[in-house]
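Report on the structure
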Amino acid sequence: SPHYSGRETRPEMARAAIVILLVSLFLVVTSATALAVESASHGWARYDSPLDGPCTVDRVHWTEMTADRFDGQYRDHKPVVLTGMRGRNDAFRNACAKDVLLREWGDKDIVLSTANTHSYLKVTKTLREYVSSHTAPQRLDRRGDDTLIWFGDNNHTEWRSHFDLYVPPPFGTSDADVAYSFGVGGPHSGVPVHVHGPGWSETIVGRKRWWLSPPKPKPKFHPNATSLEWALGLKPLQEGDEGRVVEIGDDDAGWVHVPERYRMQMERTREERARQQGGTEMLECTIGEGEAVWFPDGWWHATLNLDESAFISSFVNFRHAASGSQDEEDDVFSKIEL
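This write-up is about the structure you can find in this document. The residue numbers shown here count from 1 along each chain, following its written sequence. With the structure being a predicted model, the display of local features is reserved for residues of pLDDT at least 70 and the display and counting of side-chain atom pairs for 80 or more, all residues being used for whole-chain, interface and lining totals. Heavy atoms from the whole structure form the basis of all side-chain values; hydrogens and water molecules are not counted.

1. Some details on the pairing of strand β4 (residues 80–83)
A two-sided burial pattern is seen for β4, the buried positions comprising V80 and L82 on one face and V81 and T83 on the other. For two strands to be treated as a pair, DSSP must find at least two bridges joining them. Strands are runs of DSSP state E lasting at least two residues, helices are runs of H or I lasting at least four, and both sets are numbered from the N terminus onward. Examined bridge by bridge, strand β3 (residues 59–61) and β4 share 3 bridges and lie parallel to one another. Pairing of V60 across the sheet is with L82, part of β4. Orient the strands so they point away from the viewer, and a crossover whose first-strand-to-second-strand path over the helix runs clockwise is right-handed. For the segment spanning β3, helix α2 (residues 67–74) and β4, crossover handedness is right-handed. Where β4 meets strand β12 (residues 291–295), 3 bridges bridge the pair, whose relative direction is antiparallel. From the neighbouring strand, V80 faces β12, where its bridge partner is W294. Only protein chains enter the calculation, and the probe is 1.4 Å; a residue is then buried if its accessible area is under 20% of its type maximum, exposed if over 50%, and partly exposed in between.

Here it is as structure tokens:
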């Protein structure tokens with residue numbers, strides 16, 4: 001019978017070592033990826049975003065809110081988050097599942113907006129194209145005017161069966177005309193600082209971070225900054241001498257592998273922003289599935305998706321508003337797509 005010496009087994013040992021090394025590298029990459037993706041909700045990925053944080057907005061379970069309390073404390077005065085509403089929109093949430101949206105609406109055209117304050121540019125693509133090409137984590141090496149997000153500009157006639165499934169929050173909408181804006185966004189995408197009329201914004205799938213500030217003083221922001229740049233207090237990436245220099249790691253992986261860098265940067269930005277506002281910090285809160293935030297008329301706000309998220313806003317135009325002017329009422333709707 002043949003005899004195998006140690007010398008003759010060295011090639012096999014070397015190959016085994018290479019296999020072990022490759023497996024180890026695979027596990028390292030896999031575990032690093034796991035830092036980004038925790039799980040999925042209705043097919044949309046969840047992320048362990050370092051940009052989550054505390055909530056400084058009143059949070060009230062919807063069954064404990066009354067119309068009198070809403071009108072007296074919040075409607076014209078300050079934001080509030082309604083919680084515990086997940087069961088009210090189970091049917092709509094199921095219709096917002098990734099596979100369902102793509103099956104029912106994937107080949108339909110949607111209108112995308114650039115991710116800067118005034119959404120200067122509108123681009124039409126199919127929903128399938130948008131999901132496959134524009135819902136990856138927002139990069140810090142992408143300009144706001146070169147980043148597209150889907151929110152609003154919906155074809156309500158074509159999408160009527162979809163919108164008919166939605167049940168809006170039960171306060172502030174019964175005595176108002178309501179206009180819905182629906183959208184989907186990837187992690188760390190969002191709408192930068194802007195202002196318009198009042199309404200609710202409900203997160204259907206995922207999580208969305210909100211910052212809100214009263215009409216005066218106007219918060220400081222650059223109109224071409226993305227929400228991610230603004231949240232981190234960075235200059236917008238743009239042409240010219242005033243533009244920010246892209247650093248190593250300013251991509252979709254940077255915040256995964258060095259999360260503490262982003263947490264510290266956002267905390268410094270929060271402190272600097274409060275100093276600029278005379279010591280007053282903007283209100284902040286993360287709105288999860290089945291929760292809705294009320295933004296009063298004229299309140300500045302910015303949003304940042306923490307996951308792959310689906311969301312809907314109910315912009316309200318009160319029929320018996322004290323101002324009474326038709327021009328003022330029309331102006332509410334003229335600004336809702338900012």
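That covers the picture; the talk isn't over yet.
2. Observations regarding the sheet that holds strand β11 (residues 283–287)
Reading across from one edge, β11-β10-β13 is the order of the 3 strands in this open sheet, with antiparallel pairing throughout. Edge strands, defined here as strands with exactly one partner in the open sheet, are β11 and β13 (300–305). Strand-to-strand twist across the sheet, computed as the mean angle between neighbouring axes with direction ignored, equals 20°. Strand direction decides the pairing type here: strand β10 (residues 208–213) and β13, joined by 6 bridges, are antiparallel. The partner of R209 across the bridge, within β13, is L304. Lines are fitted to the C-alpha atoms to define the axes, a helix being fitted only along its stretch in contact, and any angle between axes, read from their N-to-C directions, falls within 0 to 180 degrees.

3. Comments concerning the sheet that holds β4
Read from one edge to the other, the open sheet built from 9 strands follows the order β3-β4-β12-β9-β14-β8-β7-β5-β6, with strand pairing classed as mixed. Single-partner strands in this sheet number two, and they are β3 and β6 (122–126). Taking the axes of each pair of neighbouring strands and ignoring which way they run, one obtains an average angle of 30° across the sheet.

4. Re a negative patch on the surface
For patches, a residue must show more than 30% relative accessible area and have no salt bridge; joins then use 9 Å for like charges and 5 Å for nonpolar side chains, namely Val, Leu, Ile, Met, Phe, Trp and Tyr. With residues, only the protein chains shown are counted as cover, and all accessible areas are computed by Shrake-Rupley using a 1.4 Å probe. Throughout this description, the term salt bridge denotes a Lys or Arg side-chain nitrogen within 4 Å of a carboxyl oxygen of Asp or Glu. Charge assignment in this entry is limited to Lys and Arg as positive and Asp and Glu as negative, and neither His nor the chain termini are counted. To locate a charge, the coordinates of NZ of Lys, CZ of Arg, CG of Asp or CD of Glu are taken. Taken together, D68, D71, D76 and D297 make up a surface patch of like negative charges. Among the structural elements, D297 can be located in the loop between β12 and β13.

5. Describing the packing of aromatic side chains
Aromatic pairing here means that ring centres of Phe, Tyr or Trp (its six-membered ring) are within 6.5 Å. Orientation follows from the plane angle: under 30 degrees is stacked, over 60 is edge-to-face, and everything else is tilted. All told, the structure shown has 19 aromatic pairs when counted by the stated rule. Residues F70 and W200 carry aromatic rings whose centres are separated by 5.6 Å and whose planes lie at 25° to one another, so their mutual orientation is stacked. Here W200 lies in strand β9 (residues 199–205) and F70 lies in helix α2, a separation of 130 residues in the sequence. Pairwise contacts between aromatic rings join F92, W105, Y130, W150, W159, F163, Y166, Y180 and F182 into one cluster. Criterion for a charge above a ring: Lys NZ or Arg CZ within 6 Å of the ring centre, and within 35 degrees of the ring normal. Between the NZ or CZ atom of R88 and the centre of the ring of W62, over which it lies, the distance is 4.7 Å. Over the aromatic face of F311 sits the side chain of K208, whose NZ or CZ is 3.5 Å from the ring centroid.

6. Some points on the pairing of β13
Of all 6 residues in β13, 6 are buried, a share of seventy percent or more. Both faces of β13 are covered, namely the face carrying W300, A302 and L304 and the face carrying H301, T303 and N305.

7. Overview of unusual backbone geometry
Between K216 and the following residue, P217, the backbone shows a cis peptide bond with an omega angle of 0°. Tracing the chain through its elements places P217 in the loop between β10 and α7 (227–231). Even without being a glycine, H42 presents a positive backbone phi close to 55°. Structurally, the position occupied by H42 is in the loop between β1 (37–41) and β2 (44–47).

8. Considerations on the nonpolar core
The term nonpolar core refers to a set of buried residues drawn from Ala, Val, Leu, Ile, Met, Phe, Trp, Tyr and Cys, joined through side-chain atoms within 4.5 Å. One finds L101, L127, Y130, W150, W159, F182 and V184 to be the most contacted residues of the largest nonpolar core, which totals 23 residues. Every element with two or more residues in this core is listed here: α4 (98–105), β5 (109–114), α5 (127–134), β7 (148–151), β8 (176–185), β9 and β14 (309–318). W159 has contacts with L101, W105, I110, L127, W150 and F182, leaving out every residue within four places of it along the chain. Counting 16 residues, the second-largest nonpolar core is a separate cluster that includes A231, Y262, M282 and W300. In this description, contact between two residues means that some pair of their heavy atoms is separated by no more than 4.5 Å.

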